[in-house]
Amino acid sequence: MRQAVTTLTTRTRGQGLVEVTEPVARWVADQGMATGLLTVFCRHTSASLVIQENADPSVRGDLERFFKRLVPEDPALYDHILEGPDDMPAHIRSALTTVQLSIPVLEGRMALGTWQGIYLFEHRRQPHERTLALHLLGE
């Protein structure tokens, strides 16, 4: 059994989904492991990870609008407002999704479905630099 670890940094443009499938897939392929388990971990509390459809961009738009309706940016609703009206909603949106994904690796590739992609879900309005930790365990 072997292990490989790295970090992947991506820049966001503000709220929304940023696909990171390709850089993650390249790193997995470079490790030369035929089978294993990949963990992708988001090292932030106001951004998260999701596996979602990567064919039709309207899916991403619908998800983004749904989360804005589900967790509104209304300072009257929250005590934690020192970092701006979008900060506490960003923490809640992150808690409702996940900061860690586990993806099987089969035949040297992530076992994602045909239309699945890995997305960093930025919940803050301002652009941020986000770091993902990748850990692959396999052979």
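Residues numbered from 1 in each chain as written. Predicted model: local features only at pLDDT ≥ 70, side-chain atom pairs only at ≥ 80, totals over all residues. Heavy atoms only, no water.

Asker: Describe the overall build of the protein, and please don't skip the residues or the numbers.
Answerer: For the protein, the helix and strand inventory stands at 3 helices and 8 strands. Counted from the first residue to the last, the protein has its helices and strands arranged as β-β-α-β-β-α-α-β-β-β-β. Scaling as 2.2 N^0.38, a compact globule of 139 residues should have a C-alpha radius of gyration of about 14 Å, and the protein matches this with 16 Å. By residue count, 40% of the 139 residues in the protein fall in the buried class. Considering only residue pairs separated by 6 or more positions, the protein has 81% of its internal contacts joining residues 24 or more positions apart. Of the roughly 7700 Å² of accessible surface on the protein, 51% is carried by carbon and sulfur atoms. The centroid of the 14 positive side-chain charges in the protein is displaced by 3 Å from the centroid of its 17 negative side-chain charges. (Helix = DSSP H or I, 4+ residues; strand = E, 2+ residues; numbered from the N terminus. Rg over C-alpha atoms; globule rule 2.2 N^0.38 Å. Buried < 20%, exposed > 50% of the residue type's maximum accessible area, 1.4 Å probe, protein only. Contact = heavy atoms within 4.5 Å. Areas by Shrake-Rupley, 256 points an atom, 1.4 Å probe, with all protein chains shown as cover. Lys, Arg positive; Asp, Glu negative; His and termini not counted. Charge placed at Lys NZ, Arg CZ, Asp CG, Glu CD.)

Asker: Before we move on, can you summarise a nonpolar patch on the surface with the specific residues and values?
Answerer: Together, Phe66, Leu70 and Leu96 line one region of the surface with nonpolar side chains, adding up to about 280 Å² of accessible area. Position of Leu96 relative to the elements: it lies in helix 3 (residues 87-96). Of the residues examined, Leu96 reaches a relative accessible area of 49% and is grouped as partly exposed. (Patch = residues over 30% accessible without salt bridge, like charges linked within 9 Å, V, L, I, M, F, W, Y side chains within 5 Å. Salt bridge = Lys/Arg side-chain N within 4 Å of Asp/Glu carboxyl O.)

Asker: So what about the confidence of the model for the protein? Which residues, and what values?
Answerer: Across the protein, the average pLDDT comes to 97, with 100% of residues at 70 or higher. Ranking the helices and strands of the protein by mean pLDDT puts strand 3 (residues 36-42) first, with 99, and helix 2 (residues 57-70) last, with 96. (pLDDT = per-residue confidence, 0-100.)

Asker: Quick one: what's the story with the environment of Cys42, residue by residue and with numbers?
Answerer: You can see Cys42 is positioned in strand 3. In sequence terms Cys42 and Leu134 are 92 residues apart; their C-alpha atoms lie 9.1 Å from each other. When residues no more than four places from it in sequence are discounted, the contact partners of Cys42 are Ala47, Ser48, Leu49, Val99, Leu120, Thr131 and Leu132.

Asker: Residues and numbers for the packing of aromatic side chains, please.
Answerer: Inspection of the entire model under this criterion finds 2 aromatic pairs. Centre to centre, the rings of Phe66 and Phe67 are 5.8 Å apart; their planes meet at 90°, and the pair counts as edge-to-face. With a centroid separation of 5.3 Å and 80° between ring planes, the pair formed by Phe67 and Phe121 is classed as edge-to-face. With Phe67 in helix 2 and Phe121 in strand 7 (residues 116-122), the pair connects residues that are 54 residues apart, well separated along the chain. Each of the two residues, Phe67 as well as Phe121, counts as buried. Three or more aromatic residues joined by ring pairs form one cluster here, namely Phe66, Phe67 and Phe121. (Phe/Tyr/Trp six-rings, centres within 6.5 Å; stacked < 30°, edge-to-face > 60°.)

Asker: Describe empty space enclosed by the protein, and please don't skip the residues or the numbers.
Answerer: The tally for this structure, following the rule as stated, stands at 1 cavity of 30 Å³ or more. Of all the elements in the fold, those that place two or more residues in the lining of the largest cavity are helix 2 and strand 7. It is helix 2 that contributes the most residues to the lining of the largest cavity, 3 residues altogether. Residues that form the lining of the largest cavity fall into these classes: 2 nonpolar, 3 polar and 4 charged. (1 Å grid on protein atoms, 1.4 Å probe; cavity = no way out; pocket = protein on both sides within 12 Å on 5 of 7 lines; lining within 4 Å. Points joined across faces, edges and corners; volume = space filled by probe spheres on them. Nonpolar A, V, L, I, M, F, W, Y, C, P; charged D, E, K, R; others polar.)

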